[in-house]
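Listed below, chain by chain, are the residues.
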Amino acid sequence: MAKDLRISFLLDFYGDMLTDTQREVVDAYYNEDLSLAEIAQDRDITRQGVRDALARRFQEIQKTLTLICDCALNIQDLNEQNGQVAGIDENVGKILECAQEISVEA
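Residues numbered from 1 in each chain as written. Predicted model: local features only at pLDDT ≥ 70, side-chain atom pairs only at ≥ 80, totals over all residues. Heavy atoms only, no water.

Participant: Residues and numbers for the packing of helix α2 (residues 20–31) against helix α4 (residues 47–81), please.
Facilitator: In the contact formed by α2 and α4, the axes pass within 9 Å of each other and the chain directions differ by 95°. Classified by the angle their axes make, α2 and α4 are roughly perpendicular. Here Gln22, Val25, Val26, Tyr29 and Tyr30 of α2 lie close against α4, whose contacting residues are Val50, Ala53, Leu54, Arg56, Arg57 and Glu60. Here the contact of α2 with α4 is composed, by residue class, of seven nonpolar, one polar and three charged. (Axes fitted to C-alpha atoms, helices over the stretch in contact; angles between N-to-C directions. Helix = DSSP H or I, 4+ residues; strand = E, 2+ residues; numbered from the N terminus. Parallel < 35°, antiparallel > 145°, perpendicular 65-115°, else oblique. Contact = heavy atoms within 4.5 Å. Nonpolar A, V, L, I, M, F, W, Y, C, P; charged D, E, K, R; others polar.)

Participant: How would you summarise α4 if you had to cite specific residues and measurements?
Facilitator: Three or four residues apart is the spacing at which side chains of an α-helix point the same way, because the helix has 3.6 residues per turn. Between its first and last C-alpha, α4 extends 51 Å over 35 residues, near the 51 Å set by a 1.5 Å rise per residue. Inspection of α4 places Val50, Ala53, Leu54, Arg57, Ile61, Gln62, Thr64, Leu65, Ala72 and Asn79 among the buried residues, and these make up the whole buried set. A positive backbone phi angle near 95° is found at glycine 83, which sits one or two residues after α4. (Expected span 1.5 Å × (residues − 1). Buried < 20%, exposed > 50% of the residue type's maximum accessible area, 1.4 Å probe, protein only.)

Participant: How would you summarise the packing of helix α3 (residues 36–43) against α4 if you had to cite specific residues and measurements?
Facilitator: In the contact formed by α3 and α4, the axes pass within 8 Å of each other and the chain directions differ by 110°. Between α3 and α4, the crossing angle belongs to the class labelled roughly perpendicular. Contacts from Leu36, Ala37, Ile39 and Ala40 of α3 reach α4 at Arg47, Val50, Arg51 and Leu54. When the residues that make up the contact of α3 with α4 are grouped by side-chain class, the tally is six nonpolar, no polar and two charged.

Participant: Quick one: what's the story with the state of the cysteines, residue by residue and with numbers?
Facilitator: In protein structure, a disulfide is the covalent linkage between the sulfur atoms of two cysteines. Under the counting rule described, the total for this entry stands at zero disulfides. Here cysteine 71 is not cross-linked by a disulfide; its sulfur's nearest cysteine counterpart is in cysteine 69, at 9.4 Å. (Disulfide = S-S within 2.5 Å.)

Shown next as structure tokens:
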């Protein structure tokens, strides 16, 4: 699992959606740069437990990105139905592009 600064940013933004344990594990892995073994030892859980917490975070990120993309596409559809306001389709494209980049890197 490649560590990524964008995950740290997402943790800051969406961290409140996590349980305390999930937030602590993700923070330790991405922000404190601890290994799975170090996190497991510090929290007295198994390495697999740490991995599971990180996997759940990945799934939550993917779910949130899907919601963002769905909302962006709905905005684009509404724009089409209501006379094509300048700039909306361009911004929707940027949102979708950014969500795709995050999805690939997460």
